[in-house]
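Each chain, written out:
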Amino acid sequence: MKKNILILLSLLASSWVMAAGGGSYIGEKAHTNIRSVDSLRSGAKTFMNYCMGCHSMNFQRYNRVAEDLGLTEDEMMESLVLTDAKFTDKMEIAMTSAQGDKWFGKAPPDLTVIAKARGVDWLYNFLINYYVDPTTPSGWNNLTFENASMPHILWELQGLRKADFEVTTDEEGNKHKEFIGFETIQPGSMSEQEYKDTVRDLVNFLDYSSEPAQLIRMSYAPWVLLFVSVFTLLAYLLKVNYFRDVH
Ligand code: HEC
């Protein structure tokens, strides 16, 4: 009997774990919440203001985003679309990848499914870990993505920081660089917390765009889990009934 209950509990637990999903990344957690429409709207705004100068979102359309974020056509066109694009257009940009290669050394990639490729935690850390580095062509460097050719686009919000490293040389003469901490050179227009919240919303929007159906899927999830739980219980009761006469 005890064993049966244990099996039942572990079945239930594994169904919950599988449903919750998960990835692993060392660094700060992004803690995004796909169900927060306010966060998605704020992220969309930051994306269109700061990222679409270089990055397209070719597999999204403005009207789809508006619908998913509960915005009317007017709200979308007035507050979010900064180009002369039409409401039904794809979220494309004018820069070609050849121009991107020429200007930045590496063309800015399309960001529609970047959250699937990198994961939200990586994206969050990438966007909060920029620092000034006079030795690189862009003048910036990044703890999460070393020598990235993308400059720190949000520096006015976060401020200017330099990174302190401790360089040690081992017996074989190899140099090791260890990160000690950041030092603020010039504060940004936002506090550290406000900046992190802004980036969290932006990453949340990138996560949504990589799979818009998540919004629907998440609203089904509790019902699916309820079904799995009830079904497991019924299956268990059935088993108890069948095995009553088996000795
Ligand atoms: C001035 C142009 C420019 C702007 C604006 C810009 N980026 Fe980039 N971005 C780049 C370039 C160039 C790369 C390629 C970097 C590389 O691979 O070295 C890049 C790469 C990236 C990557 C890494 C993709 C990967 O996995 O290799 C992410 C994520 C990203 N950008 C996000 C953003 C976000 C979010 C914004 C808005 C806050 C933004 N970018 C604004 C130029 C830009």
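Up top is the structure.
Just so it is clear, the model here is predicted, and its values are computed rather than measured.

Asker: Talk me through the site of the ligand; I want residue IDs and the actual numbers.
Answerer: Among the 21 residues in the neighbourhood of the ligand, the closest are listed as Cys51, Cys54, His55, Arg118 and Met150. One of the side-chain nitrogen or oxygen atoms of His55 is found 2.8 Å away from a nitrogen atom of the ligand. With respect to the ligand, the side chain of Ser149 contributes an N or O atom lying 2.7 Å from an oxygen atom. Sorting the residues of the shell around the ligand by element identifies α2 (37-51), α6 (114-118) and α7 (120-128) as the ones contributing at least two each.

Asker: Give me the lowdown on the packing of α7 against helix α9 (residues 192-210), citing residues and values where you can.
Answerer: Following both chains from N to C, one finds α7 and α9 inclined at 140 degrees, their axes separated by 9 Å at the closest point. The orientation of α7 with respect to α9, classified from their angle, is oblique. Classified by chirality, the crossing of α9 by α7 is right-handed. Note on element contacts: α9 touches α7 through Tyr195, Lys196, Val199, Arg200, Leu202, Val203, Leu206 and Asp207, opposite Val120, Leu123, Tyr124, Leu127 and Ile128. Here the residues of the contact of α7 with α9 are counted per class, giving ten nonpolar, no polar and three charged.

Asker: Help me get a handle on the coordination of the iron atom of the ligand, residues and values and all.
Answerer: Of the protein atoms, only His55 (NE2) and Met150 (SD) coordinate the iron atom of the ligand, at distances of 1.9 to 2.0 Å. One way to put it: the six donor atoms around the iron atom of the ligand meet at angles of 88 to 178 degrees, and that makes the site octahedral. Of this pair, His55 sits in the loop between α2 and β1 (57-61) while Met150 sits in the loop between β4 (140-142) and α8 (155-158), and the two are 95 residues apart along the sequence. On the basis of relative accessibility, which here comes to 9%, the residue His55 falls in the buried class. In this structure Met150 comes out as partly exposed when scored by relative accessible area, which is 22%.

Thresholds applied
Residues numbered from 1 in each chain as written. Predicted model: local features only at pLDDT ≥ 70, side-chain atom pairs only at ≥ 80, totals over all residues. Heavy atoms only, no water. Near = heavy atom within 4 Å. Polar contact = N/O pair within 3.5 Å; in protein donor to acceptor, adjacent residues only side chain to side chain. Helix = DSSP H or I, 4+ residues; strand = E, 2+ residues; numbered from the N terminus. Axes fitted to C-alpha atoms, helices over the stretch in contact; angles between N-to-C directions. Parallel < 35°, antiparallel > 145°, perpendicular 65-115°, else oblique. Left-handed = near helix turned anticlockwise from the far one by under 90°. Contact = heavy atoms within 4.5 Å. Nonpolar A, V, L, I, M, F, W, Y, C, P; charged D, E, K, R; others polar. Donors = N, O, S within 2.8 Å, 3.2 Å for Na, K, Ca; no water. Tetrahedral: all angles 85-135°; square planar, octahedral: opposite > 155°, others 65-115°. Buried < 20%, exposed > 50% of the residue type's maximum accessible area, 1.4 Å probe, protein only.

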